[in-house]
Amino acid sequence: MASSSSSASRTWRYRVFTSFHGSDVRTSFLSHFRKQFNNNGITMFDDQRILRGETISPALTQAIRESRISIVLLSKNYASSGWCLDELLEILKCKDDMGQIVMTVFYGVDPSDVRKQTGEFGIAFNETCACRTEEERQKWSQALNYVGNIAGEHLLNWDNEAKMIEKIARDVSEKLNVTPCRDFDGMVGIEAHLRKIQSLLDLDNDEVKMVAISGPAGIGKSTIGRALHSLLSNRFHHTCFVDNLRGSHPIGLDEYGLKLRLQEQLLSKILNQDGSRICHLGAIKERLCDMKVFIILDDVNDVKQLEALANESNWFGPGSRIIVTTENKELLKQHGINNTYYVGFPSDEEAIKILCRYAFRQSSSRHGFKKLTRSVTELCGKLPLGLRVVGSSLHGKNEEEWEYVIRRLETIIDRDIEQVLRVGYESLHENEQSLFLHIAIFFNYEDGDLVKAMLAENDLDIEHELNILVNKSLIYISTDGRIRMHKLLQLVGRQANQREEPWKRRILIDAQEICHVLENDIGTGAVSGILFDTSGINEVSISNKALRRMCNLRFLSVYKTKHDGYNRMDIPEDMEFPPRLRLLHWDAYPSKCLPLKFRAENLVELDMKDSRLEYLWPGTQLLTKLKKLNLEGSYNLKELPDLSNATNLEMLDLSVCLALAELPSSIKNLHKLDVIYMDLCESLHMIPTNINLASLETMYMTGCPQLKTFPAFSTKIKRLYLVRTGVEEVPASITHCSRLLKIDLSGSRNLKSITHLPSSLQTLDLSSTDIEMIADSCIKDLQRLDHLRLCRCRKLKSLPELPASLRLLTAEDCESLERVTYPLNTPTGQLNFTNCLKLGEEAQRVIIQQSLVKHACFPGSVMPSEFNHRARGNSLKILVKSSASFAFKACVLISPRQLQCERNQRRVKIRCRVTDGRGRFVGSKVVSLEHPNHSTGIRTKHLCFFNGVLTEVSCDALCFVFKISAYNPLDNYEISECAVQILTNEPERRSCDGGSE
C-alpha cells in the first residue's frame, strides 16, 4: 500500500519520460510522438541537452524520478546501449518505489526477442554485455524480460503509424486522469484483512501461488478481493477481476462448452480483447504461461470453474497470483489450494463501527442511540452485509423508527440480505436443507453430539452433512463443540420453511397455524417439529389425539418469549404424545405429571423448566437415549423418577426445585453425567453415599441450607460450588479428588475449620464463613493454588504459611485477623488485607518485607521506615545517579474522603507515572486492588505498596506522580502521602516536592 499512497500524494514535474535508442527513432517515430503529445497537452521530458556517456547522468536519473509515466520505446538497437539499459533499471526501480506507471512500445522488434534476448535484439544485447560484469548482465536481462511482458503497442499490428501514436497518446491521457482508488478508504477492518492476505501471497516470491479467501455469504470476501485488486494491480503485467462466477452456467452448455466459455471470458478480460474466441482448453496456458498475472476468481461454487480457469500453476508466468473467493471450503481441498484466509466475523467493536458508518456516517453511535445500536448489531449477527444494508435503511431515522426496525428484524429478514444468503441454502440437497432448517429453528448453539443424537436416522449420515454445512460456511463448530449459525441465516431458514405448503412443511413455527392444527385435530405426517411461542395467546385447548396424529413429530418446543400474563393451556390427562419424540421442551407445563401413556424411550432431551410437575411418571422408563434432563424452577417437584436406565445422561438441572428433598439412589448409574445443577434446592438434605460417577466434573449446589454433608459423588470432579450450604466439614476423602481445581464454600456458616485439601486445587473460596482455623499442613504444599478468598471470615485469627504459587489473596474484612505466618512466600502475589484492623505490626512487617510481592494493601497510617524518599500529597521528586535501570518499591497512603457503606465497590486502581527531570516519560505502573462483591471498600487509612522497574533511564532526576481512581463513581479516595525506596542504584541525595495533582 505504500507505493500507491506515495504515488497519490506526489507532485510530478513531468507527465512522461521516454526511454529510447536515438539513431533508431529520434528523427522519425519520436518526432511524431512528441508532436502528438504536445497537441494533447502532455508534457514530456526533453533530453536533447544531455550528453550521453558511459553511465546514466544524474540529470537523467532525476528526470525519470520526476515523471508520472515512463514509456520504454523498444527498438532493434535498444539493447546496444548500456545507457538505455541503465535507464530501464532506474525506471523499474521507480515503479516499485513510487508506483510510477510503465508503458511499452515495440518498434520493429518482437516482444519475445525482448523477453528472451534473442534475434537481432539479442545479438546487440550480447555485444553490450561483453565488457560488463555478470551481475550487470543478469540485472539487465531480468529488466528486459519484465518489460517484454508488459502488454504494449506493437508496430507490426498497425497499418498506420499515426493512428498508433494517437492511440498511445489517448491511453496516456486516460492514465494521467485516473485518480487513486478511494473506494475502500475507512472501511472497517479492511487494512487488517489486506495485511494478512498479502503475507499469504508472498509477493516477492517468483513461484506461482493460488490463495483462497473463504467465509460465509455476506462476510465481505468480494469486497476484500476488489480491494486487493485495486491495491496490487500495478505490480503485475496483466490483471482481472472475474466476478459472478456462481451464475456462470449458461443453459444448454455441456461441461466442455462451459469450460471453453469461461476461458474465453477470462482471456477477453485479462488481455482487454473483447470477443476473444478459442478452440481448445489449452488456450490459457498458451497465452499466459510467460506473463506475470494477477487474477481474482470471485464467488466460485463449483470445482469445474477452477479446472477451467486455473487448473495448474504452470498455466501462468513466474510471480503470478491467483485468488479464489468462495463459501465452499471443500472445493478448495478438491483443487489442492492449501493457502486459505478465512474471513471471520468482526469483533463487537468493529461490528458497531460498520453499522454506524452506514447509519450515522460516522464511526460511533449518536447520543441516545447506543443501546439501539447494540441491539441492531446483535440481531444482524455481526454480519457485514446485514450491518451495511440495515444501517443504510436506518440512516436519518429517529429512535421510534429504530425500535420498529428492531422488532421487525426479530422475525423478518431484509429482502436484499435474504437474496444473498438464500443462495447457500438453495445449493443444498434435500437432506442437507432439512438439517439446515432443524439447526436454524431448534439447535443453534447446541452441543454437536446432542444434535447428532437428535437427528440420527438410518438413512442419513449426519456427520457428513454437518461437514457439508461447515464447508459451505453455513454453520461453524465452536471450540466447545457447539454448532453455531448467525442470526440472519436463522431467519433465512425460518422464512424458507414458512414458504413451504403446510403439507410439505418440515417444521411448524407460526403460532396461529399451530393453534389451528392442535384445536382441530389436524394431523400431518410431513411435520417433524413444532416451535410454539405461546406469548400473546390467551388460551389453548389441545385435543388428546392432536399430537398423536403427527406420526413423524420428533421435536416439540412450547415456550414463551414474553411474560405477558397469558398462561392458560388446557391439556387432557390422557393426551397422547407421538412415540418418536426426541425433544420435549415445554416451559410452564401445567399438569402434575406427564400422561400415563407417555413413553420416553426415544427422548434425547427433556426440558420442563418452570413446570407444575410434582413427579414425571410412575415406575421405570427406558431412558437409554436421554442426554439432558432440565427441571429447573419446578417448585412443586417432590421426587425424581428411577434413572437407572438413563446411562447416557450428561446434564441434570434441578435448580430451584424447592420441594425436592432427596436424590434417588439410581443416580449411581449415571456414569456419563458431566454436570449437576442443584442451586436453591432449599429442601434438599439427603444425597446418596458411596457414589463415584466416572464423568462428573462440575456440581452446583448453591443455596441448599439443609445440606449438612459434603457431597462426594466423584473422584474425577473438577469444580464444586457449595455456596450458602449447611456443610460442616470437608472430609479427608477430598484428597483423593486428584483433578479438583476449584472449591467454593463461601457463605457456608457451619464450616469452622479446614484440615484436608486436594493437591490439585487452584481456587479456594471460604468467604463469609465462620472458619476459625486453616491447617498449615493442608495448604502450604498446594503448589497449584492460585486464588485464595477469605473475605468476611470474621473469626479467622491467623493465616498459615502460603504456597509460592499464590497469585491473589483477598482477606478483606477479616476483623479478627492478627497474624500471618513468615515466610509469606508469594513472589507474584496480590495481597488484599483491606479493613483487617487487628493486623499487628509484626504481620505488617512480614508483608512489607516480601520485596517480590506484586502489591499489597492493609490498614495503616505510618509510612514504613525503609521508604526513605517521602512527600506529602501524590508527587515526589528524587535526584538520582545516571543509570540504565532502576528497581524501586513504592508506597502510598490512601485516605477515604467519605464513607458510603451501601456502595458495591469492585476495584480501585492506582497509577504511578514516572518522568525525568525534563518531564519526559520514563515509565509507569498500574495496580488494581480487587474487592469482593458488595464490598464497602476502604473504610479507614490504608497503606498500599508495590514494586516496579524502570529501564533505559539516563537522567539526574525522577518525578513520581501517583493517582487513584475507582470504577464506581461514588468512590472518593485521595493519596495523602507517597514514598519510594530505590532498590538498585541508590541516589546521592533526595529532594521532596509535596503537593497534589
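Under UniProt, the name given to the protein chain is Disease resistance protein RML1A, and the source organism is Arabidopsis thaliana. According to the UniProt record, the Function comment for the protein chain is "TIR-NB-LRR receptor-like protein that confers resistance to the pathogen Leptosphaeria maculans (blackleg disease)." One UniProt comment on the protein chain, placed under Catalytic activity, says "NAD(+) + H2O = ADP-D-ribose + nicotinamide + H(+)".

**Observations regarding the overall build of the protein chain**
What the protein chain contains, in helices and strands, is 27 helices and 41 strands. With the principal axes as the frame, the protein chain shows a C-alpha extent of 110 × 95 × 55 Å. Residues counted as buried form 53% of the 997 residues belonging to the protein chain. Considering only contacts in the protein chain between residues 6 or more positions apart, those separated by 24 or more positions represent 61%. In the protein chain, 126 side chains carry a positive charge and 126 a negative one; their mean positions are 4 Å apart.

**Concerning the pattern of salt bridges**
Scanning the model with the defined rule gives 37 salt bridges in all. With a closest N to O distance of 2.6 Å, Glu-426 and Arg-422 form a salt bridge. In this pair, Glu-426 and Arg-422 are both assigned in helix α20 (residues 415–426), four residues apart and thus about one turn of the helix distant. Using a relative accessible area of 17% as the deciding quantity, one classes Arg-422 as buried. Of the charged contacts in the structure, one is a salt bridge between Lys-452 and Asp-449, with a shortest N-O distance of 4.0 Å. With Lys-452 and Asp-449 both in helix α22 (residues 448–455), this residue pair falls three residues apart, about one helical turn. Exposure remark for Lys-452: the relative accessible area of 26% places this residue in the partly exposed category. Several salt bridges share partner residues, and in doing so they unite Glu-153, Lys-167 and Asp-171 into one network.

**Notes on the confidence of the model for the protein chain**
Per-residue pLDDT for the protein chain has a mean of 86; in total, 91% of the residues score no lower than 70. Scored below 50 in pLDDT, residues 1–9 shows 18 contacts in the model against residues more than four places distant or in partner chains. Residue range residues 986–997 is modelled with pLDDT below 50. Its contacts to residues more than four positions away, or to other chains, number 37 contacts.

**A closer look at the environment of Ile-910**
By the secondary structure assignment, Ile-910 is in strand β37 (residues 905–916). It is 9.2 Å that separates the C-alpha atoms of Ile-910 and Val-892, two residues lying 18 residues apart in sequence.

**Observations regarding the nonpolar core**
Counting residues in each nonpolar core, the largest one holds 118 residues, and the members touching the most others are Leu-584, Trp-586, Leu-790 and Phe-833. Residues in contact with Leu-790, not counting those within four places in the same chain, are Leu-766, Ser-767, Ile-774, Leu-796, Leu-799, Leu-809, Thr-810, Ala-811, Glu-812 and Cys-814. Counting residues in each nonpolar core, the second largest holds 81 residues, with Leu-409, Leu-421, Ile-475 and Ile-483 among its members.

**Remarks on unusual backbone geometry**
Phi is positive for Tyr-445, which is not a glycine, with a value near 70°. Overall, Tyr-445 belongs to the partly exposed group, its relative accessible area being 43%. The phi dihedral of Ser-473 falls on the positive side, at around 60°, and the residue is not glycine. With respect to the helices and strands, the residue Ser-473 is situated in the loop between α23 (462–471) and β10 (476–477). Looking at Ser-473, the relative accessible area reads 5%, which means it is buried.

**Description of the packing of helix α7 (residues 119–129) against helix α8 (residues 134–148)**
When two helices pack together, their arrangement is captured by the angle between the axes and the distance separating the axes. Running from amino to carboxyl end, α7 crosses α8 at an angle of 155°, the nearest separation of the two axes being 11 Å. Put simply, α7 runs roughly antiparallel to α8. Note on packing geometry: the crossing formed by α7 with α8 is right-handed. Between α7 and α8, the contacting residues are Phe-121, Phe-125, Asn-126, Thr-128 and Cys-129 on the first element and Arg-137, Trp-140, Ser-141 and Leu-144 on the second. Residues of the contact of α7 with α8, tallied by class, amount to five nonpolar, three polar and one charged.

**Brief notes about the packing of aromatic side chains**
The full count for this structure, using the stated rule, is 24 aromatic pairs. A centroid spacing of 5.3 Å and a plane angle of 85° characterise the contact between Phe-443 and Phe-555, whose relative ring orientation is edge-to-face. Placement of the pair is Phe-443 in helix α21 (residues 430–443) and Phe-555 in strand β15 (residues 555–559), with a sequence separation of 112 residues. In textbook terms, an aromatic cluster arises when at least three aromatic residues are bridged by ring pairs, as seen for Phe-577, Trp-586, Tyr-589, Phe-598 and Trp-617. The ring of Phe-236 carries the charged tip of Lys-292 above its face, separated from the ring centre by 5.3 Å.

**What about the sheet that holds strand β5 (residues 209–214)?**
Sheet architecture is open: five strands sit in the order β6-β7-β8-β5-β9, paired in parallel fashion. Taken across any chain shown, the strands that pair with only one partner, and hence form the sheet edges, are β6 (238–242) and β9 (339–342). Neighbour-to-neighbour, the strand axes of this sheet turn through a mean angle of 15°, independent of strand direction. Of the strands in this sheet, β6 and β7 (293–297) touch helix α12 (residues 255–270), which is tilted by about 130° from β6.

Reading the values: rules and limits
Just so you know, the residues in each chain are numbered from 1, in the order the chain's sequence is written. The model is predicted, so local features are restricted to residues of pLDDT at least 70 and side-chain atom pairs to those at 80 or more, both for listing and for counting; the totals for chains, interfaces and linings are taken over all residues. Calculation of side-chain values draws on the structure's entire complement of heavy atoms; hydrogens and water are dropped beforehand. UniProt positions are given in the numbering used here, feature names are shortened, and annotations may be inferred rather than shown by experiment. Where helices and strands are cited, they refer to DSSP runs of H or I of at least four residues and of E of at least two residues respectively, numbered from the N terminus. Here the term buried applies to any residue with accessible area under 20% of the maximum for its type, exposed to any over 50%, and partly exposed to those in between, with areas from a 1.4 Å probe on protein chains only. Contacts were defined at the residue level, with two residues in contact if any of their heavy atoms lie within 4.5 Å. Positive: Lys, Arg. Negative: Asp, Glu. His and the chain ends are not part of the count. Working definition for charges: the position is that of NZ of Lys, CZ of Arg, CG of Asp or CD of Glu. Between Lys or Arg on one side and Asp or Glu on the other, a salt bridge is scored when a side-chain nitrogen of the former is within 4 Å of a carboxyl oxygen of the latter. pLDDT expresses, on a scale from 0 to 100, how confident the predictor is about each individual residue. Residues grouped as a nonpolar core are buried Ala, Val, Leu, Ile, Met, Phe, Trp, Tyr and Cys residues, joined through side-chain atoms within 4.5 Å. To define axes, lines are fitted to C-alpha atoms, for helices over the stretch in contact only, and angles between the resulting N-to-C directions are given on a 0 to 180 degree scale. Each angle receives one of four descriptions, namely roughly parallel if under 35 degrees, roughly antiparallel if over 145, roughly perpendicular if within 65 to 115, and oblique otherwise. Each helix crossing is assigned a hand: it is left-handed if the near helix lies turned anticlockwise from the far helix by less than a right angle, otherwise right-handed if that turn is clockwise. All amino acids are sorted into three groups, where Ala, Val, Leu, Ile, Met, Phe, Trp, Tyr, Cys and Pro are nonpolar, Asp, Glu, Lys and Arg are charged, and the leftover types, Gly among them, are polar. What counts as a ring pair is set by centres within 6.5 Å for rings of Phe, Tyr and Trp (its six-membered ring), and what kind of pair is set by the plane angle: stacked under 30 degrees, edge-to-face over 60, tilted for all other angles. For a Lys NZ or an Arg CZ to count as sitting over a ring, it must be within 6 Å of the ring centre and within 35 degrees of the ring normal. Note: two strands are recorded as paired if DSSP finds a minimum of 2 bridges between them.

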